[in-house]
Amino acid sequence: MVRFVEQGIFKPAPADVLADLGRVIGRIEALNKWLTEEQQISADQQHAYAVLLKIVYSGFLSQGPAAP
């Protein structure tokens, strides 16, 4: 995404970033009930960050050329 912002070069990551972030978000949600209050605070922050990354990366992908 940095190349896109700085130079207009659209080159998505070879990995399925959205699926990976979805799995991270799901794992955090599944683990949350087993965590202490202090751990839940950290998990909530990580969850929010992963959701934000997913939103930003989805926006990046939407700026690329239309799929055939």
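Q: What exactly am I supposed to notice about a nonpolar patch on the surface here?
A: A contiguous nonpolar surface patch, about 380 Å² in accessible area, is contributed by Met-1, Tyr-49, Leu-52 and Val-56. For Leu-52, the position within the fold is in helix H3 (residues 37–62). Overall, Leu-52 belongs to the partly exposed group, its relative accessible area being 46%.

Q: So what exactly am I meant to see when it comes to the packing of helix H2 (residues 17–31) against H3 here?
A: Angle between the axes and distance between the axes: these two values describe a pair of packed helices. One can describe the packing of H2 onto H3 by two numbers: an axis separation of 9 Å at closest approach and a directional angle of 160°. As the angle between them shows, H2 and H3 are arranged roughly antiparallel. Considering only the axes of H2 and H3, their crossing is left-handed. Of H3, the residues touching H2 (which contributes Val-17, Leu-18, Leu-21, Gly-22, Val-24, Ile-25, Ile-28 and Glu-29) are Ala-43, Gln-46, His-47, Ala-50, Val-51, Leu-53, Lys-54, Tyr-57, Ser-58 and Leu-61. Tallied by class, residues from the contact of H2 with H3 come to twelve nonpolar, four polar and two charged.

Q: Whenever I open this one, H2 confuses me. Can you help?
A: Turn by turn, an α-helix covers 3.6 residues, leaving residues three or four places apart pointing in a common direction. Along its 15 residues, H2 runs 21 Å from first to last C-alpha, staying within 8% of the 21 Å computed at 1.5 Å per residue. Here H2 has its buried residues at Leu-21, Ile-25 and Ile-28. Around the axis of H2, the buried residues are gathered within 60° of arc, so they sit on the same side. Taken together, the buried residues of H2 touch H3.

Q: It is not clear to me how the packing of aromatic side chains should be interpreted in this structure. Could you clarify?
A: By the definition in use, this model includes four aromatic pairs. With a centroid separation of 5.3 Å and 45° between ring planes, the pair formed by Tyr-57 and Phe-60 is classed as tilted. On the criterion of helical spacing, the pair formed by Tyr-57 and Phe-60 is a turn pair, its members being three residues apart in helix H3. Here Tyr-57 falls in the buried class, since its relative accessible area comes to 10%. An aromatic cluster is built from Phe-4, Phe-10, Tyr-57 and Phe-60, whose rings are joined through pairwise contacts.

Criteria and cut-off values
Residues numbered from 1 in each chain as written. Predicted model: local features only at pLDDT ≥ 70, side-chain atom pairs only at ≥ 80, totals over all residues. Heavy atoms only, no water. Patch = residues over 30% accessible without salt bridge, like charges linked within 9 Å, V, L, I, M, F, W, Y side chains within 5 Å. Areas by Shrake-Rupley, 256 points an atom, 1.4 Å probe, with all protein chains shown as cover. Salt bridge = Lys/Arg side-chain N within 4 Å of Asp/Glu carboxyl O. Helix = DSSP H or I, 4+ residues; strand = E, 2+ residues; numbered from the N terminus. Buried < 20%, exposed > 50% of the residue type's maximum accessible area, 1.4 Å probe, protein only. Axes fitted to C-alpha atoms, helices over the stretch in contact; angles between N-to-C directions. Parallel < 35°, antiparallel > 145°, perpendicular 65-115°, else oblique. Left-handed = near helix turned anticlockwise from the far one by under 90°. Contact = heavy atoms within 4.5 Å. Nonpolar A, V, L, I, M, F, W, Y, C, P; charged D, E, K, R; others polar. Expected span 1.5 Å × (residues − 1). Arc of directions from axis to C-beta. Phe/Tyr/Trp six-rings, centres within 6.5 Å; stacked < 30°, edge-to-face > 60°.

Scope: geometric values only; no functional claims are made or implied.
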